[in-house]
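The lines below spell out each chain.
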Amino acid sequence: MRPRPCRPSPLRARGRVAALAGIALLTGALLTGCSFVAPPSQAAELLGLVNRARSAPRSCGSTAYAAAAPLTLDARLTRAAQLHSQDMEATGNFAHTGSDGSTVGERATAQGYAWSRIGEDIAAGFGSSASVMDAWLNSPGHCANIMDPKFRDLGTGVAGTYWTLDFGTPR
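Cut-off values and rules
- Residues numbered from 1 in each chain as written.
- Predicted model: local features only at pLDDT ≥ 70, side-chain atom pairs only at ≥ 80, totals over all residues.
- Heavy atoms only, no water.
- Helix = DSSP H or I, 4+ residues; strand = E, 2+ residues; numbered from the N terminus.
- Buried < 20%, exposed > 50% of the residue type's maximum accessible area, 1.4 Å probe, protein only.
- Areas by Shrake-Rupley, 256 points an atom, 1.4 Å probe, with all protein chains shown as cover.
- Pairing = 2+ DSSP bridges.
- Polar contact = N/O pair within 3.5 Å; in protein donor to acceptor, adjacent residues only side chain to side chain.
- Contact = heavy atoms within 4.5 Å.
- Phe/Tyr/Trp six-rings, centres within 6.5 Å; stacked < 30°, edge-to-face > 60°.
- Lys NZ or Arg CZ within 6 Å of the ring centre and 35° of its normal.
- Salt bridge = Lys/Arg side-chain N within 4 Å of Asp/Glu carboxyl O.

1. Section: the overall build of the protein chain
Across its full length, the protein chain holds five helices and 10 strands. The proportion of buried residues among the 171 residues of the protein chain is 47%. For the protein chain, the exposed area adds up to about 8,100 Å²; of that, 57% sits on carbon and sulfur atoms.

Written out as structure tokens, the structure is:
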């Protein structure tokens, strides 16, 4: 199926992002009438944006973070993140808990990722990697996940305008 062009919805004027610590609403256009599955190049683009953010010190809200080592794209976390984005798009359930009741840890484990530390950022309503990354970096909880030096691996997922970053540290 060919992707349809994304258009801002006249009924919804806010993009949404959520972090493990809670939900924050950020300004952005919620796009409707489109569907696509992220190509591998988009996973690489998101990884690059995350690693660029980690490469310099930054403040996330009132917490200062030193530069952190780059993350490695992990296929298992990427499958977990992609399936979660697809689930959110299919059900409209914008949450860290999957429509089947699953948690990020359960989804990562189901894909074969043995983790000691796990985290997740989600967003909805953003039309590009750059716009969603800007929103995450301007949200203290999301930014903290991105900058957390204890994370080693990253998985990315995009379905329609639902975005997921799964962060992990293997056992």
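2. Focus: the pairing of strand β8 (residues 115-124)
Counting buried positions along β8 yields seven of 10 residues, so the element is predominantly enclosed. Looking at chain direction, β8 and strand β10 (residues 162-170) are connected through nine bridges and run antiparallel. Following the sheet pairing, I118 is matched in β10 by G168.

3. Focus on the side chain of T164
Its place among the elements puts T164 in strand β10. A distance of 2.8 Å separates a polar atom in the side chain of T164 from a polar atom in the side chain of S85. If sequence neighbours within four positions are ignored, T164 has contacts with A81, H84, S85, M88, E120, D121, I122, G155, T156 and G157.

4. Quick word on the packing of aromatic side chains
The final tally for this structure, using the stated rule, is two aromatic pairs. Stacked on the ring of F151, the Lys or Arg R117 has its end atom at 5.3 Å from the ring centre.

5. Thoughts on the pattern of salt bridges
Counted according to the given criterion, the structure contains three salt bridges. We note a salt bridge from R107 to E120, for which the minimum N-O separation is 3.0 Å. Pair noted here: R107 is in helix α3 (residues 104-110) and E120 is in strand β8, with a separation of 13 residues, a long-range link. Residue class for E120 comes out buried when judged on its relative accessible area of 0%. Residues D148 and R117 are paired through a salt bridge, measuring 2.6 Å at the closest nitrogen-oxygen approach. Taken as a pair, D148 in the loop between α5 (140-147) and β9 (153-159) and R117 in strand β8 lie far apart in primary sequence, 31 residues in all.

Interpretation in functional terms is not warranted from these geometric data alone.
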